[in-house]
Amino acid sequence: MNRRRFLTRTALLATGAAAAATGAFALSPTRNRYYQGPPGPNFDGTRFFNPGGSPPKGFADLLKWQAGGGRAKWPESIGIRQSIPAPRVDDLIVTMVGHATLLIQVAGLNLLTDPVWSDRASPFSFAGPRRATAPGIRFEALPRIDAVLLTHNHYDHLDLETLARLKQAHDPLVITPLGNDTIVKDTVPDMRVATGNWGHTVPVGPATVHFEPCHHWSARGTRDRSMALWSAFLIDTPAGRIFHVGDTGFDQGRPYRDLPQKHGKIRAAILPVGAYEPRWFMRDQHQDPAEAVEGFLLSGASHAVGHHWGTFQLTNEGRDAPPAALAAALAAKGIGPDRFRALGPGEWWAIPA
């Protein structure tokens, strides 16, 4: 292979890996490889969808974005101070591992969200978004993990290598929306997995995990678009309620506005604040910091943690743009920075009662 062909192929693989990390393209087969079930309010018999929402962009839009420039340059490596969490916590502490991976320690439970300890958020080991920081907790320093909350199957959220390590070291219960169990069990066949659709619940010790709607989509490759469901989670515990979103578009506030009436007071919302530029491409599937603040207000939560920033560069904005934009959005609404914090890798927060 000559140099030009090698460089072209590498560039295409890198673009494909970046797209696959967030499922930014897909073809349209008619058979669902992950889930077989009757049609319903968010499933047409082959694919899941957002009722009344917007479909994801197509491959032509992906190419337009990639060719449009405007991508900020991130540092190749950022030093952090890794955290060593307590074995158990009676109240509520949230520790940022990186991107969408957080350790939630609440009411004696240890929960991990979308765990990724791999070096890349990609189907490839040699291309695709690479980690800019070490994980905020060394894998070996994790406390005993009771359950994993797996929101959807994009590569920056569902990392099969990490799930296999967790199975061997902790044997947690994986709680995930419909169809993702097939993906997990193809690689980790003895993983304990509980699935549900929006509105379903799963008990975990003293807590109950509710599957809640959010506006996103799914794909692992080019032929499985929206064949596994995506979900937010409401975790009802003796120490308070926690609302966790992995990815969502703001979608006119629909992921948030019914929460107070449905569940009551929420102690902490864990919301994505990154991977939002360019807006013409990302708006429907990734909220920006200002929209995250609007969602926080609609949810009625007392406090919020911002995540999905600072670890993998998936989109155009600079590494430090999300917390700066979040600070501006909070100030514009007269909300103190002590109520909504964008945690960096290794940072932890004992959420006020």
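Because the structure is a prediction, the values reported are computed rather than measured.

Across the sheet, which stays open at both edges, the seven strands sit in the order E7-E8-E9-E10-E11-E12-E13 with mixed pairing between neighbours. Only two strands of the sheet have a single partner each, and these edge strands are strand E7 (201-204) and strand E13 (340-342). Averaged over all adjacent pairs, the angle separating strand axes in this sheet is 20°, with direction ignored. Where strand E12 (residues 303-307) and E13 come together, three bridges link them in parallel fashion.

What follows is about the packing of aromatic side chains. Within the structure shown, the criterion is met by eleven aromatic pairs. Their ring planes at 75° and their centres at 6.0 Å tell us that Phe-243 and Tyr-256 sit as a pair that is edge-to-face. With a gap of 13 residues between them, Phe-243 in strand E10 (residues 240-244) and Tyr-256 in the loop between E10 and helix H5 (259-263) connect regions that are remote in the sequence. For Tyr-256, a relative accessible area of 0% translates into the label buried.

For the bond from Glu-277 to Pro-278, the omega torsion is 0°, close enough to zero to count as cis. Non-glycine residue Ser-226 carries a positive phi angle of around 60°. The residue Ser-226 is located in the loop between strand E8 (207-212) and strand E9 (232-237) in this model. On the basis of relative accessible area, Ser-226 is assigned to the buried category, the value being 5%. The backbone phi angle of Ala-275 is positive, close to 60°, even though this residue is not glycine. Its place among the elements puts Ala-275 in the loop between strand E11 (268-272) and helix H6 (279-282). Judged by its relative accessible area of 5%, Ala-275 falls in the buried class.

The subject of this paragraph is the pairing of E9. Where burial is concerned, most of E9 is hidden: five out of the six residues are buried. Both E9 and E10 contribute to a ladder of five bridges, which runs antiparallel. Residue pairing in the sheet places Phe-233 in a bridge with His-244 of E10. Counting the residues in the hairpin turn of E9 and E10 gives two residues.

So, on to the packing of helix H7 (residues 289-299) against helix H8 (residues 321-332). Where H7 contacts H8, the two axes come as close as 8 Å, and the packing angle between them is 50°. Classed by the angle they form, the pair H7 and H8 counts as oblique. Considering only the axes of H7 and H8, their crossing is right-handed. Packed against H7, whose contacting residues are Pro-289, Ala-290 and Val-293, the element H8 presents Pro-322, Ala-325, Leu-326, Ala-329 and Leu-330 at the interface. Here the residues of the contact of H7 with H8 are counted per class, giving eight nonpolar, no polar and no charged.

Taken in spatial order, the seven strands of this open sheet run E6-E5-E4-E3-E2-E1-E14, and their pairing is mixed. The open sheet is flanked by strand E6 (192-196) and strand E14 (348-350), the only strands paired with a single partner. Sheet twist, expressed as the average angle between the axes of neighbouring strands with direction ignored, equals 20°. Pairing of strand E2 (residues 101-106) with strand E3 (residues 109-113), which is carried by five bridges, proceeds in the antiparallel orientation. From the neighbouring strand, Val-106 faces E3, where its bridge partner is Leu-109.

Calculation notes
Residues numbered from 1 in each chain as written. Predicted model: local features only at pLDDT ≥ 70, side-chain atom pairs only at ≥ 80, totals over all residues. Heavy atoms only, no water. Pairing = 2+ DSSP bridges. Helix = DSSP H or I, 4+ residues; strand = E, 2+ residues; numbered from the N terminus. Axes fitted to C-alpha atoms, helices over the stretch in contact; angles between N-to-C directions. Phe/Tyr/Trp six-rings, centres within 6.5 Å; stacked < 30°, edge-to-face > 60°. Buried < 20%, exposed > 50% of the residue type's maximum accessible area, 1.4 Å probe, protein only. Parallel < 35°, antiparallel > 145°, perpendicular 65-115°, else oblique. Left-handed = near helix turned anticlockwise from the far one by under 90°. Contact = heavy atoms within 4.5 Å. Nonpolar A, V, L, I, M, F, W, Y, C, P; charged D, E, K, R; others polar.

Shape descriptors only; they carry no functional weight alone.
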